[in-house]
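Report on the structure
Here's the letter readout for the chains.
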Amino acid sequence: MNRIIILLFCCFTLAACSPKEDSKEVKKSNQNYTMDTHSFAKPTESRIVHLDWEAELDFDKKIISGKASYLIESAKAAKEIVFDTRGLTIHKVSIQANESEELPAEFKLGEPNPHLGVPLIVNINRDVKKVNIYYTTSPDAAALQWLSAEQTAGKKQAFLFTQSQAILARSWVPTQDSPGIRFTYKAEVKAPKDMMVLMSAENPQEKSNTGIYKFEMKQAIPAYLLALSAGDLEFKSLGARSGVYAEPSMLEASAYEFAELEAMIDAAEALYGPYAWERYDLLVLPPSFPFGGMENPRLTFATPTIIAGDRSLTALVAHELAHSWSGNLVTNATWDDFWLNEGFTVYFERRIMESLYGKEYAAMLEVLGYQDLQHTLEDLSSSPEDTKLKLSLEGRDPDDGMTDIAYEKGYFFLRNLEEIVGRDKFDSFLKEYFQSNAFDVMTTEEFVVYLNEKLLNDEALQAQADIDAWIYGPGLPETNQSPRASRFEKVEEMLSAFLNEGALDTGMSANWSTHEWLHFLRKLPRELQPEQMKALDELCGFTSSGNSEILAAWFQLSIRNSYAPADAALDSFLVNVGRRKFLRPTYKALKENGKLEMAREIYARARPNYHSVSTNSMDELLGWN
Ligand SMILES: [Zn+2]
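The rules behind each value
Residues numbered from 1 in each chain as written. Predicted model: local features only at pLDDT ≥ 70, side-chain atom pairs only at ≥ 80, totals over all residues. Heavy atoms only, no water. Helix = DSSP H or I, 4+ residues; strand = E, 2+ residues; numbered from the N terminus. Buried < 20%, exposed > 50% of the residue type's maximum accessible area, 1.4 Å probe, protein only. Contact = heavy atoms within 4.5 Å. Areas by Shrake-Rupley, 256 points an atom, 1.4 Å probe, with all protein chains shown as cover. Salt bridge = Lys/Arg side-chain N within 4 Å of Asp/Glu carboxyl O. Axes fitted to C-alpha atoms, helices over the stretch in contact; angles between N-to-C directions. Parallel < 35°, antiparallel > 145°, perpendicular 65-115°, else oblique. Left-handed = near helix turned anticlockwise from the far one by under 90°. Donors = N, O, S within 2.8 Å, 3.2 Å for Na, K, Ca; no water. Tetrahedral: all angles 85-135°; square planar, octahedral: opposite > 155°, others 65-115°. Pairing = 2+ DSSP bridges. Phe/Tyr/Trp six-rings, centres within 6.5 Å; stacked < 30°, edge-to-face > 60°. Lys NZ or Arg CZ within 6 Å of the ring centre and 35° of its normal. Polar contact = N/O pair within 3.5 Å; in protein donor to acceptor, adjacent residues only side chain to side chain. Expected span 1.5 Å × (residues − 1). Nonpolar A, V, L, I, M, F, W, Y, C, P; charged D, E, K, R; others polar.

Attention now goes to the overall build of the protein. Check the secondary structure of the protein and you find 20 helices and 21 strands. When the backbone C-alpha atoms are referred to their principal axes, the protein occupies close to 80 × 65 × 50 Å. When burial is assessed residue by residue, the protein has 60% of its 625 residues classed as buried. Once local pairs closer than 6 in sequence are excluded, the contacts in the protein between residues at least 24 apart make up 72%. Approximately 24,700 Å² of the protein is accessible, and the part contributed by carbon and sulfur atoms is 49%.

Turning our eyes to something else, we now look at the pattern of salt bridges. Under the definition given, this model contains 38 salt bridges. Among the ionic pairs, Asp 266 bridges to Arg 241, the shortest N-O distance being 3.2 Å. Here Arg 241 lies in the loop between strand S15 (234-239) and strand S16 (242-246) and Asp 266 lies in helix H4 (residues 261-272), a separation of 25 residues in the sequence.

At a minimum axis distance of 9 Å, the contact between helix H13 (residues 487-501) and helix H14 (residues 514-523) shows a crossing angle of 45°. In terms of their interaxial angle, H13 and H14 are classed as oblique. In the packing of H13 onto H14, the handedness of the crossing is right-handed. Contacts between H13 and H14 involve Arg 487, Phe 488, Val 491, Glu 492, Met 494 and Leu 495 on the former and, on the latter, His 515, Glu 516, Trp 517, His 519, Phe 520 and Lys 523.

Take the coordination of the zinc ion next. Surrounding the zinc ion are the protein donor atoms His 319 (NE2), His 323 (NE2), Glu 342 (OE) and Glu 342 (OE), at 2.1 to 2.7 Å. Around the zinc ion, the four donor atoms are arranged such that angles at the metal cover 53 to 151°; this shape is classified as irregular. If you list the donors of the zinc ion from N- to C-terminus, the spacing comes out as H-x3-H-x18-E. Here His 323, found in the loop between helix H5 (315-322) and strand S20 (330-332), pairs with Glu 342, found in helix H6 (residues 338-357); they are 19 residues apart in sequence, far enough to count as distant.

Okay, the sheet that holds S15 next. Note: strands within a sheet are paired through backbone hydrogen bonds, in either parallel or antiparallel orientation. Taken together, the five strands give an open sheet; going across it, the order is S15-S16-S17-S19-S18, and neighbouring strands pair in mixed fashion. The two strands at the open ends of the sheet, each matched to only one other strand, are S15 and strand S18 (293-294). In this sheet, strand S19 (residues 299-302) lies alongside strand S17 (residues 280-284) in parallel orientation, the contact comprising four bridges. For Asp 281, the partnering residue across the bridge sits in S19 and is Leu 299.

This paragraph deals with the packing of aromatic side chains. On inspection of all chains with the given rule, the structure shows 47 aromatic pairs. Both rings, one in Trp 512 and one in Phe 520, keep their centres 5.9 Å apart while their planes meet at 55°; by these two values the pair is tilted. Comparing Trp 512 with Phe 520, the two get one shared label, buried. Lying across the ring of Tyr 411, Arg 350 places its NZ or CZ 4.5 Å from the centre.

Time to look at the side chain of Thr 543. Along the chain, the position of Thr 543 falls in the loop between helix H15 (530-540) and helix H16 (548-560). In this structure Thr 543 comes out as buried when scored by relative accessible area, which is 18%. A polar contact is formed between the side chain of Thr 543 and the side chain of Asp 537, at a distance of 2.7 Å. A polar contact of 2.9 Å, which involves the side chain of Thr 543, links it to the side chain of Trp 554.

The next point concerns the pairing of strand S7 (residues 118-123). Counting buried positions along S7 yields five of six residues, so the element is predominantly enclosed. Here six bridges tie strand S3 (residues 80-85) to S7, and the two strands are oriented antiparallel to one another. In the strand pairing of S7, Thr 85 is matched with Val 118. Sheet topology places strand S6 (residues 107-109) next to S7; three bridges connect them, and they run antiparallel. The residue of S7 that forms the bridge with Lys 108 is Ile 121.

Let's shift gears to H4. Note: α-helices contain 3.6 residues per turn, so residues at a spacing of three or four share the same orientation. Between the first and last C-alpha of H4 there are 17 Å, a value that for 12 residues agrees with the 16 Å anticipated at 1.5 Å per step. Buried residues of H4: Leu 261, Glu 262, Met 264, Ile 265, Ala 267, Ala 268, Leu 271 and Tyr 272, and no others. Within two residues after H4, Gly 273 carries a phi angle of roughly 100°, on the positive side.

All right, on to the sheet that holds strand S2 (residues 63-74) then. With mixed pairing, the seven strands of this open sheet are ordered in space as S5-S4-S8-S2-S1-S11-S13. The sheet is open, and its two borders are formed by strand S5 (102-104) and strand S13 (212-222), each paired with just one other strand. Pairs of neighbouring strands in the sheet enclose a mean axial angle of 20°, with direction left out of account. Where S2 and strand S8 (residues 130-136) come together, seven bridges link them in antiparallel fashion. Within S8, the position partnered with Leu 71 by the bridge is Lys 130.

Now for the packing of helix H8 (residues 404-421) against helix H9 (residues 423-436). Relative orientation and spacing of two packed helices are given, respectively, by the angle between their axes and the distance between those axes. Between H8 and H9, the least distance of the axes is 6 Å, while the angle of their chain directions is 125°. On the basis of the axis angle, H8 is oblique to H9. In this structure, H8 contributes Leu 414, Leu 417, Glu 418 and Val 421 to the contact, and H9 contributes Arg 423, Lys 425 and Phe 426. In the contact of H8 with H9, the residues fall into four nonpolar, no polar and three charged.

The next point concerns unusual backbone geometry. Cis geometry marks the peptide bond from Gln 165 to Ala 166, where omega comes out at 5°. Relative to the elements of secondary structure, Ala 166 occurs in the loop between strand S10 (159-162) and strand S11 (182-190). Phi at Arg 298 takes a positive value of approximately 70°, unusual for a residue other than glycine. Residue Arg 298 is classed as buried on the basis of its relative accessible area, which comes to 4%. With a phi close to 45°, Ser 562 is a non-glycine residue in the positive phi region. Counting through the fold element by element, Ser 562 comes out in the loop between H16 and helix H17 (567-576).

Geometric descriptors of this kind do not, in isolation, establish any biological role.
Shown next as structure tokens:
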């Protein structure tokens, strides 16, 4: 049963709840609903439970015209329902007490806020069951990226995709955009003929003749998991309940890269219980997609930069799959609790990778993650508040909290718990955590109570776990041990032979995975001699690598050492790839090494290819107006 219903029941009828539920619900009302500072919604008064969305995609004007009809539940005394919007033009709002009669509603738009957008306040009374909002998106809607045909792999048809997390859903659907508010949805979307339309819902596997597609999402989701894409897409099955969508020219390579998907789902279920979303499909997007992946339920959105040709970057798929439990099933109540989504997911991802490829393989991912965390801690040294797991992002863009702290510090906290109680006990704990909190939200504080009750149920264990330092303290607790990976010992051998004797025995690296190469590149000194750069490039072929991770790590060195032969590859990489994880360190390295002019010149050409999530960060970094 949904907790808010219980809450409303408790608050408004003053009926007796059991003591345990009571305390939990009161806490919920304070923390999860009234305290989500990134939404205007007041779900304790009135909230959405189901969306019927009708929409038409206009690629010429780059707008979506839609009607969002919400079934709502409200407290008896509720006089209004509040939605989040951003950049939407609201044409009309109507209310319904029954299916047949639609009455015009009184509504107003509130004060705009630079991060949150504008609240849409609709007057209701106790009889209102349904609210219909007729609206149009703006051509620069923050969640939407409209790509011209030339910006796609096939260059035949335009393309559209959304990125709703963290609070961008409101820029394409008026909604209650808080991770604590879940709803089911149905949709009917009209696109130009010859396009396939997909959503985070039950999806078609073939193009329709009319350009009209119908969707249904039976499992309740928060707004940040609303997703839509349209373009020249085809489907290829990968197993009984999984498959991949991509542009035709990318389909075979994608299917090859993700051939182990079904095995990953089996491994995930063996670890932490049944997959709750029926199908798991992947959508490979054009390279401008700002993230590695987005865990849209039933349909993970993925960057094509993980298609390396050798299945070496599929940990990202394990990550997005793991979100089907951590995040999509048990959801962070607010963006201040983001580590509950990401720390658990990184832990789960590495366990999936370990199941498939063994401990030594997973250890490499752990060490690389630790290196990322060290960099992030350095970057955030002047804002230690942002290195706590529990964040306080009030008044800021929640995107500011999407750092490696949530991912990697969260991971090492859980890894530490595993170490303390032993793997068997920790696995049973996690499995029960996902099951007993399925389709519900979690705050950091509630998690701590749950953890102390179910796992750390004596004082010695609690002292050992040092929860306060991990969750509410900055940086990494001193007790944390840095991880080791035995496969990296060979890498370090080759590295010291190169640095001490100038020798590069490529026989040693013949079977290296991307991870070994990354460790090698990251461990090289920041400053190298021109002949060292030349030797590295000639023997290892970094500049001509087709692997985006290796390229991005190599550019760190080529920029610092002004290695001109890599400049053309660097230029083309930045112009074509919109993944923020690569853009940020690359532009930053240019800026810090006296190449701001070059960075800005490339950015001027590249910027039209980036999604707003990436341009927001890069504009700030490069002082772009
Ligand atoms: Zn994630």
